[in-house]
Amino acid sequence: MSTLFSPVTLRGLTARNRLWVAPMCQYSATDGVPQEWHHTHLAQFASGGAGVVMAEATAVSPAARISPEDTGLWTDAQRDAWAPIAAAIRARGALAGVQLAHAGRKASTWSPFSGRRGSVGIDEGGWPTLAPSAMAFDGFAEPVALDIAGIDATVRDFAAAARRAVDAGFQVIEIHAAHGYLLHQFLSPLSNQREDEYGGPLENRARLLLRIVDAVRDAAPDVVLFVRFSASDWAPGGWSIEETTTVAGWASEHGADLFDISSGGLVAHQSIVPGPGYQVGFASAVRQGAGVPVSAVGLITGAVQAERLIAEGQADAVMAGREWLRDPHFALRAASELGVEIDYWPKQYLRARPA
Ligand SMILES: Cc1cc2nc3c(=O)[nH]c(=O)nc-3n(C[C@H](O)[C@H](O)[C@H](O)COP(=O)(O)O)c2cc1C
């Protein structure tokens, strides 16, 4: 019996397996509106057998975008463009998810394939960036420190985006608190030097995230709610696996259902040596330490590797990114490699199923 291909139920909703698609920015939206590219890109993974397809970091406000080409959910037009995409994912048997994000001090940057690097100038379509403290990410424009009214507005933006996500037909929402974006900037002492109730001790640095978990839960009571953390800044004095575990426990009490454990992205001087499954130990530590469901992500590229880490109880699910880009039918192939019978090969593709 495969554990990777066993279903998993969270808040009453069942994913058909535990091999999921990680959120991946496409930098291909217009005014935050997803395009035909997004539709084809995301639907193909559902045809390919994914249990959950998580749409990319989607901005909760214009200032929240990493780049001008990010998708958004701050307008009804964006919601209406997402609806057929979520429907296509669901029609192919996967759960439709979207990651809600605010880039904070890493907003207003050139997309990777624009040929430019760093911050987009205000005169070139960029915008002033926001952060817990007026401390720039290496080489980027200096952000403005959010005041309390700005923090309150950010909470409202996440709640409104969550409502639109549900109205668009998404069944899973992931709050992006990783990779050096706004919520991670609040969590880490390296980027949060506030002296009010949002800075200093851990409960203060976690306050914004927990307020957002509450607000999203209120706005979308039935949605399955994930939180993505970076479990380590990989830098001295930074955010740690111990703090991640504590805050995951708190967020679970506030209504989050699963924790997607990544790492890094906060500071340019991080020291990471990536290798196969290099973040799985973090996921496992959060799972054990906080007693919460987790997904593992990061260089998980093979069926046997994924099967083993679920079977060993290191994680409840696997999120993969680049392997799905190499093979949008990763789950169909993985099931074949593991000799697992699944009943969701698209009938149109049955002639390709290995005998
Ligand atoms: C093209 C691309 C875009 C990405 N965009 C996002 C994103 O929108 N949100 C996020 O949390 N991580 C993003 N990531 C990170 C992935 O979700 C994943 O954590 C990372 O690629 C490691 O997994 P992998 O080794 O299976 O690719 C992106 C990665 C890639 C390759």
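These notes cover the structure that comes with them.

The rules behind the values
Residues numbered from 1 in each chain as written. Predicted model: local features only at pLDDT ≥ 70, side-chain atom pairs only at ≥ 80, totals over all residues. Heavy atoms only, no water. Salt bridge = Lys/Arg side-chain N within 4 Å of Asp/Glu carboxyl O. Helix = DSSP H or I, 4+ residues; strand = E, 2+ residues; numbered from the N terminus. Buried < 20%, exposed > 50% of the residue type's maximum accessible area, 1.4 Å probe, protein only. Core = buried A, V, L, I, M, F, W, Y, C linked by side-chain atoms within 4.5 Å. Contact = heavy atoms within 4.5 Å. Polar contact = N/O pair within 3.5 Å; in protein donor to acceptor, adjacent residues only side chain to side chain. Near = heavy atom within 4 Å. Areas by Shrake-Rupley, 256 points an atom, 1.4 Å probe, with all protein chains shown as cover. Axes fitted to C-alpha atoms, helices over the stretch in contact; angles between N-to-C directions. Left-handed = near helix turned anticlockwise from the far one by under 90°. Nonpolar A, V, L, I, M, F, W, Y, C, P; charged D, E, K, R; others polar. Parallel < 35°, antiparallel > 145°, perpendicular 65-115°, else oblique. Pairing = 2+ DSSP bridges. Right-handed = clockwise from strand over helix to strand, strands pointing away.

### Description of the pattern of salt bridges
Under the defined criterion, the tally for this structure stands at 17 salt bridges. Note that Arg164 is salt-bridged to Asp76, the shortest N-O span being 2.9 Å. Residue Arg164 is located in helix α3 (residues 148-167), and its partner Asp76 is located in helix α2 (residues 76-91); the two are separated by 88 residues in the primary sequence. The shortest N-O distance in the salt bridge between Asp327 and Arg333 comes to 2.5 Å. With a relative accessible area of 28%, Arg333 lands in the partly exposed category.

### What to know about the nonpolar core
Judged by nonpolar contacts, the single largest core of 89 residues is most densely connected at Ile175, Phe229 and Phe259. Ranked by residues supplied to this core, first place goes to helix α6 (residues 207-219) with 8 residues. Those residues within four positions of Ile175 in sequence are excluded, and the remaining contacts are Leu100, Phe158, Leu183, Leu209, Ile212, Val213, Val216, Leu225, Phe226, Val227 and Arg228. In terms of nonpolar packing, the next biggest core, distinct from the first, is built from 15 residues, Ala22, Leu95, Phe226 and Leu258 among them.

### Quick word on the side chain of Gln26
Looking at the element boundaries, Gln26 is found in the loop between β3 (19-21) and α1 (36-47). Gln26 sits in the buried class, given a relative accessible area of 12%. A polar atom in the side chain of Gln26 sits 2.8 Å from the side chain of Trp37. In this structure the side chain of Gln26 is engaged in a polar contact, spanning 3.4 Å, whose partner is the side chain of His41. What Gln26 contacts, discounting residues up to four positions off in sequence, is Trp37, His38, His41, Glu56 and Phe113.

### Brief notes about the site of the ligand
Near the ligand you find 15 residues, and of these Pro23, Gln99, Leu299, Gly321 and Arg322 are the closest. Contacts to the ligand include His176, whose side-chain N or O atom sits 3.2 Å from an oxygen atom. Protein contact buries 80% of the 610 Å² of open area that the ligand shows by itself.

### Observations regarding the packing of α3 against α6
One way to put it is that α3 packs onto α6 with a least axis distance of 8 Å and a crossing angle of 35 degrees. In the packing of α3 onto α6, the handedness of the crossing is right-handed. Contacts between α3 and α6 involve Ile151, Asp152, Thr154, Val155, Phe158, Ala159, Ala162 and Arg163 from the first element and Leu208, Arg211, Ile212, Ala215, Val216 and Ala219 from the second. In the contact of α3 with α6, the residues fall into 10 nonpolar, 1 polar and 3 charged.

### Here's the deal with the packing of α1 against α2
Two numbers describe how α1 lies on α2: the axes approach to 8 Å, and their chain directions differ by 15 degrees. In terms of their interaxial angle, α1 and α2 are classed as roughly parallel. For α1 against α2, the interelement crossing comes out right-handed. Every residue of α2 that contacts α1 at His38, His39, Leu42, Ala43 and Ala46 is listed here: Trp82, Pro84, Ile85, Ala88 and Ile89. Its residues assigned to classes, the contact of α1 with α2 comprises 8 nonpolar, 2 polar and no charged.

### What about the pairing of strand β4 (residues 52-59)?
The buried fraction of β4 is high, at 8 of 8 residues. The pairing of β4 with strand β5 (residues 95-101) spans 7 bridges and is parallel. Considered in β5, the bridge of Ala55 is made with Val98. As a crossover connection, the stretch from β4 through α2 into β5 is right-handed.

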